[in-house]
Each structure stands twice: as structure tokens, then as C-alpha cells.
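The chain contents come next:
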Amino acid sequence: MEWQRNNRCTENYYDSLIQATAEMLHNSQSEKEFLPVGEVIAEILNKEIIDSFFLEYRIRHLTYDGTFQIKGIPKSMHSYKIKLQ
């Protein structure tokens, strides 16, 4: 219990990682196209141990805040794509 109390982070703690990962994936494209959300999440999961549902929640939040453009309907991580503004 003590460990959990001392290792909590803010809800937006991983937002910069999500944005940096999307930017890295954009830079690997010849033209800045929409990225499948599942691809962004998979790239992050290759480096960090984070719940994929939490990552998708934060991506949706960043989309609603205007950080990302969206293409598709965000009903699941495989049904929409994002692009940095």
C-alpha cells in the first residue's frame, strides 16, 4: 500500500510521451498522414508498461483538447486515426 501511495502520477503524466511518439511516427512518414491509434499505442507499449485503455483514454482527451486531429469514429482504438495539429 505504501508503494502505491508514493508512486502515483498525475492523469496527464504520459501526454508528452504520447505526443512525442506521434511526432516520431509522423517523422517516419514521407507525408504527414493520419496514424492508426493502435499503432501509436503499440509503439508506446514497446517501451513502457502502461495500460492500453488508459493510453487510448488520454489520446481521446488530447484529441478533444485540440492536440490531435481525428479521422473516424473513436469507438475503439482500431476504428480511428489521429494526426498532430
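A look at the overall build of the protein chain
Scanning the protein chain from N- to C-terminus turns up 4 helices and 3 strands. For the protein chain, the succession of helices and strands along the chain, N to C, is α-α-β-α-α-β-β. Looking at the protein chain as a whole, 32% of its 85 residues qualify as buried. Long-range pairs, those at least 24 residues apart, make up 47% of the contacts in the protein chain between residues at least 6 apart in sequence. Surface summary for the protein chain: the accessible area is close to 5800 Å², and the carbon and sulfur share equals 50%. Taken together, the 10 basic and 12 acidic charged side chains of the protein chain have centroids lying 5 Å from each other.

Concerning the sheet that holds strand β3 (residues 80-84)
The strand order across the open sheet formed by 3 strands is β1-β3-β2, and the pairing between neighbours is antiparallel. Across the chains shown, the open sheet's two edge strands, defined by having one partner strand only, are β1 (35-36) and β2 (68-72). Pairing analysis gives 2 bridges linking β1 to β3, with the strands arranged antiparallel. Of the residues in β3, the one forming a bridge with Pro36 is Lys81. Sheet contacts for helix α4 (residues 52-64): β2 and β3; angle to β3, the most-contacted strand, approximately 55°.

Side note on the packing of aromatic side chains
Across all of its chains, the model carries 2 aromatic pairs by this definition. On the numbers, 4.9 Å between centres and 90° between planes, the contact of Tyr13 with Tyr14 is edge-to-face. Classification of Tyr14 as buried rests on a relative accessible area of 18%. Measuring from ring centre to ring centre gives 6.0 Å for Phe54 and Tyr57, while their planes differ by 40°; the resulting arrangement is tilted. Here Phe54 and its partner Tyr57 are both found in helix α4, 3 residues apart, which amounts to about one turn of the helix. On the basis of relative accessible area, Phe54 is assigned to the partly exposed category, the value being 26%. The partly exposed category is assigned to Tyr57, whose relative accessible area is 40%.

Thresholds, definitions, all that
Residues numbered from 1 in each chain as written. Predicted model: local features only at pLDDT ≥ 70, side-chain atom pairs only at ≥ 80, totals over all residues. Heavy atoms only, no water. Helix = DSSP H or I, 4+ residues; strand = E, 2+ residues; numbered from the N terminus. Buried < 20%, exposed > 50% of the residue type's maximum accessible area, 1.4 Å probe, protein only. Contact = heavy atoms within 4.5 Å. Areas by Shrake-Rupley, 256 points an atom, 1.4 Å probe, with all protein chains shown as cover. Lys, Arg positive; Asp, Glu negative; His and termini not counted. Charge placed at Lys NZ, Arg CZ, Asp CG, Glu CD. Pairing = 2+ DSSP bridges. Axes fitted to C-alpha atoms, helices over the stretch in contact; angles between N-to-C directions. Phe/Tyr/Trp six-rings, centres within 6.5 Å; stacked < 30°, edge-to-face > 60°.

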